[in-house]
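Structural overview
Residues per chain are reported as follows:
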Amino acid sequence: MCGFTVIINKNNKNLSNILKDKILKCQNHRGPDDSRIIKKDNITFFHNRLSILDLSKKANQPMICAKTGNIIVFNGEIFNFIEIKKKYFKDHKFTTNSDTEVLLELFRRYGKKMTEFLNGIFSFVIFDNSKKNLYLVRDRFGVKPLCYFENEDFFICATEAKPINIINNKKNLNLHKIKEYLDFGLIHQDEYTLIKGIKKVNPATYYVYDLEKLKFIFSEKYWLLKKEKKLIQKNAQDFKDAYKEEFKKALKRNLVSDVPIALLLSSGADSSYIYRMLEEMDFQNLKSFSYGWRDLKYDESLLTQKKLNLKKDSHEIVFIDEKDIFDDLKSSIKSNEGPIGGMGTLALYKLMKHVKQRKFKVTISGEGSDELNLGYFNQQIAYYISEKKNNPENYDQFCKFNKISNKVKILKNTFLLDAIYAPDGSILGKKKFDKKILTLDKITKNYINFSKLPKLLHWQDRCGGAFGIETRVPFLDHDLATFTYSNPDRYKIIGNNSKIHLKNLESVNERKKYVVTPQREIIKKKYKIILDIIENGHLVKNDLINYKFFKDEYLSYVKRKDLGNSFFVWKILNLELFIGNY
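This write-up is about the structure you can find in this document. Please read all numbers here as calculations on a predicted model, not as lab measurements.

Criteria and cut-off values
- Residues numbered from 1 in each chain as written.
- Predicted model: local features only at pLDDT ≥ 70, side-chain atom pairs only at ≥ 80, totals over all residues.
- Heavy atoms only, no water.
- Helix = DSSP H or I, 4+ residues; strand = E, 2+ residues; numbered from the N terminus.
- Expected span 1.5 Å × (residues − 1).
- Contact = heavy atoms within 4.5 Å.
- Polar contact = N/O pair within 3.5 Å; in protein donor to acceptor, adjacent residues only side chain to side chain.
- Pairing = 2+ DSSP bridges.
- Right-handed = clockwise from strand over helix to strand, strands pointing away.
- Buried < 20%, exposed > 50% of the residue type's maximum accessible area, 1.4 Å probe, protein only.
- Axes fitted to C-alpha atoms, helices over the stretch in contact; angles between N-to-C directions.
- Salt bridge = Lys/Arg side-chain N within 4 Å of Asp/Glu carboxyl O.
- Core = buried A, V, L, I, M, F, W, Y, C linked by side-chain atoms within 4.5 Å.

**What about helix α3 (residues 99–110)?**
Counted at 1.5 Å a residue, the expected span for α3 with its 12 residues is 16 Å, and the 16 Å between its end C-alpha atoms agrees. Contacts from the buried residues of α3 go to β4 (63–64), β5 (71–78), α2 (81–88), β6 (120–128) and β7 (133–138). For α3, the side-chain oxygen to backbone nitrogen distance between the N-cap and E101 is 3.3 Å, and the N-cap itself is S98.

Okay, here's the thing in C-alpha cells:
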C-alpha cells in the first residue's frame with residue numbers, strides 16, 4: 001500500500017513548492033512511512049511509502065534503475081518476487097531486498113512482457129528513459145487502484161483522485177455517471193468516475209503514453225480469466241482436496257511480508273476458511289479483528305468468536321453504534337471518493353481505524369470468494385434452473401427451502417435480469433435491460449468484471465488506505481481463481497449450500513444471513529435528519545433529484561411496518577455527502 005502521483009507538465013508551467021507539498025500531504029494516509037519527489041525533465045514523480053517489504057531507506061521510491069535511468073513508482077506487492085529473482089536473475093546483484101527493484105529489472109529485460117511473471121496486487125508507472133514513454137500497469141483483478149487525467153497543460157496519473165483534483169482547477173461532476181448511480185445503483189463498474197475527465201486504468205491492462213506525442217499510443221489487456229480443461233477435477237471430493245492445496249499456495253504467497261499481518265474475520269465461510277488454513281499452516285501469533293453491532297439481531301461477531309474458538313488476547317471485536325454516524329459516514333465517503341456500499345462498508349472503515357491503532361499495516365480478507373464460488377443468491381438460482389431437467393427434485397427442494405416460486409419464468413424475470421442485485425437477490429435499482437436474461441456464467445463474469453467485485457475492491461482499498469493499511473485477498477490469486485473458475489459449478493454447491501468446499505461439517509447446514517446490518521432501522525429512525533440534509537443540499541439546489549417525490553417516497557417507507565429496501569435513501573444520502581465533500 002502506497003500513494004503515488006506522476007505529473008507530465010506539457011507547457012513547463014512551474015509547480016510551486018506549496019503545490020508539491022499539498023500533493024504529498026493529500027496521499028500521505030496511504031504511505032506515512034516516507035515521502036519523496038523526483039523530477040526528470042518535465043515529469044515529476046511523487047511517492048508516499050508504506051514500508052512492508054525491505055523496510056530500509058534503500059527501498060524507498062521513486063526508484064531509479066542505475067543502468068537505464070528508468071524510474072518507477074509502485075503501489076502494492078509482488079508476492080513471487082523472491083522466486084523471480086532466483087529463477088531469472090541468478091547472476092544479477094540487487095542493491096535492495098524489495099520487490100520494487102525486481103520490477104525495474106524485469107522491465108529492463110522483458111519490457112511489457114514483464115506482467116507474465118507477476119503474481120501479486122499492484123499498480124505501477126514506469127518511465128522508459130530510452131523510448132521516452134510512460135507505462136501504466138494494473139493487476140489482474142484491479143485490487144490496486146490507478147487513475148489518470150489529461151488536459152491542455154498536464155497529464156496526471158495517481159493512485160487516487162485527490163492529487164488530480166489539486167492540480168485540476170476545472171473540476172466538474174460526471175452527470176452521466178451520477179445518473180447511472182441514481183437510476184441503476186451502478187458505481188465503479190467501468191473506467192469512468194464520478195468526476196468528469198478522471199478515468200481508471202482497467203484491470204489486467206497496461207497503457208503506453210508517449211511523452212513526445214503527448215498521448216496514449218497503445219493499450220492491451222494482458223490477462224483474461226478463462227476456463228482450462230487440464231484443471232478440471234474428476235469429482236467434488238477431488239475438487240475440494242485440490243482446492244485446499246491451491247488455496248494454501250495462494251495464502252502462502254499472500255503472507256510475504258516484513259511486518260506483522262492480521263486477519264479480518266466475519267461470520268462468513270470465506271474468512272473462516274482462511275482462518276482454518278492459517279491454523280493448519282501453523283501461522284504463529286495470528287491476530288484477528290471483527291466488527292459487530294450493538295443490535296443483537298444483526299450481530300454475528302460473538303457467534304464467529306465461539307465457532308472458531310477465538311481467544312480474547314488474539315481476537316478483537318469493534319462494536320459499531322449510531323453515535324456520530326453522519327460524521328463517520330461523511331469521513332468514509334471522503335476517503336472512498338464516492339458513495340460507499342452500505343453500513344457494512346462504514347463498519348469496515350471504523351474497523352480499519354481500530355486496526356491502525358493496533359499498529360498493523362497488512363490485513364488478509366475474503367473478497368472475491370462470493371463471485372467465484374456461487375456466493376450470491378441469484379447465482380444459486382441460475383445454477384438450479386440449469387440443472388432442473390437433470391435434478392427436478394433438487395430444484396424443487398431449493399425453491400421450497402428459500403420460499404420462492406418454482407416457476408422458471410418467474411424466477412428468471414425476478415432474479416436473472418441485467419440489474420444490480422443485493423446479495424439476497426433483491427433488485428437495488430431499475431432494470432437496465434428488461435428482457436435480457438443472464439445465464440450463470442454471464443452472471444459470474446458480470447459480478448467479477450462489472451457490477452460486484454470492482455466496487456468491493458475499491459471500498460476495501462480506500463477504507464484500508466485511509467489508515468495506511470494494505471488488504472490482501474488470497475481468493476483472487478489468479479492461479480487459484482483460474483482453477484476455481486475452470487471447475488464445474490456442481491462441485492461448489494449441494495442442496496441449499498454453496499461454497500461447500502470451503503465449509504466444515506459444523507457450518508454446512510447454517511442458513512446464510514444476507515442482511516447483516518441495521519441500516520434499514522437507522523434510516524427509518526433518522527429520517528428527519530436525513531431529509532434536512534437532502535432538502536438543504538446540493539442535489540436539490542442543482543435539480544439533480546425531485547425532492548418532493550423523494551420525500552413522499554421516504555415518508556411512505558418510514559410508515560411501513562416491514563423493513564423493505566432502504567437503498568433508494570442510502571444512494572441519495574451518500575451522493576449528497578459526496579458532493580458536499582467534493
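**Observations regarding the pairing of strand β15 (residues 315–320)**
In this sheet, β15 lies alongside strand β14 (residues 287–293) in parallel orientation, the contact comprising six bridges. When the sheet's bridge partners are listed, Y291 is paired in β15 with V318. Remark: the β14/helix α8 (residues 301–307)/β15 crossover connection has right-handed handedness.

**Focus on the side chain of S486**
In this fold, S486 is placed in helix α17 (residues 478–486). On the basis of relative accessible area, S486 is assigned to the buried category, the value being 5%. Among the polar contacts listed, one links the side chain of S486 to the backbone nitrogen of E228, at a separation of 2.8 Å. Residues in contact with S486, not counting those within four places in the same chain, are K226, K227, E228, L231 and I232.

**Remarks on the sheet that holds β6**
The sheet built from six strands is open, its strands ordered β4-β5-β6-β7-β11-β12 with antiparallel pairing. The open sheet is flanked by β4 and β12 (215–221), the only strands paired with a single partner. One ladder, built from two bridges, connects β4 with β5; its direction is antiparallel. Counterpart to M63 in the pairing with β5 is I72. Strands in contact with α3 are β4, β5, β6 and β7; relative to β5, the strand with the most contacts, it is inclined by about 120 degrees.

**Let's talk about the pattern of salt bridges**
A full pass over the atoms with the stated rule returns 34 salt bridges. K249 is the partner of E246 in a salt bridge, and the nearest nitrogen-oxygen pair spans 3.5 Å. A residue pair is termed a helical-turn pair when its members lie 3 or 4 positions apart in one helix, as E246 and K249 do in helix α6 (residues 236–254) at three residues. Salt bridges sharing partners connect three or more residues here, namely R30, E160, K162, E337, D461 and R462.

**Some words on α17**
Summarising burial for α17: eight of the nine residues are buried, a large majority. Along α17, the residues classified as buried are H478, L480, A481, T482, F483, T484, Y485 and S486.

**A short note on the nonpolar core**
Counting 73 residues, the largest nonpolar core has I7, I530, F550, Y554, L575 and F578 as its most contacted members. Tallying contributions element by element places helix α22 (residues 567–581) first for this core, with 10 residues.

**As for the sheet that holds strand β3 (residues 43–49)**
Ordered in space as β2-β3-β1-β9-β8-β10, the six strands form an open sheet in which the pairing is antiparallel. Each edge of the sheet is formed by a strand with only one pairing partner; in this case those strands are β2 (34–40) and β10 (199–200). For strand β1 (residues 2–9) and strand β9 (residues 154–158), the ladder comprises five bridges, and the chain directions are antiparallel. Bridge pairing in β9 places I7 opposite I156. Its contacts with the sheet put helix α1 (residues 17–26) on β1, β2 and β3, and the angle it makes with β3 is roughly 35 degrees.

**So, the side chain of S123**
Relative to the elements of secondary structure, S123 occurs in strand β6. Apart from residues lying up to four places away in sequence, S123 is in contact with F4, V73, F74, N75, V137, R138, K144, P145, L146 and T159.

**Considering the pairing of β1**
Among the eight residues in β1, eight count as buried, and that is most of the element. In terms of strand pairing, β1 meets β3 through seven bridges, oriented antiparallel. Note on β3: the bridge partner recorded for V6 is F45.

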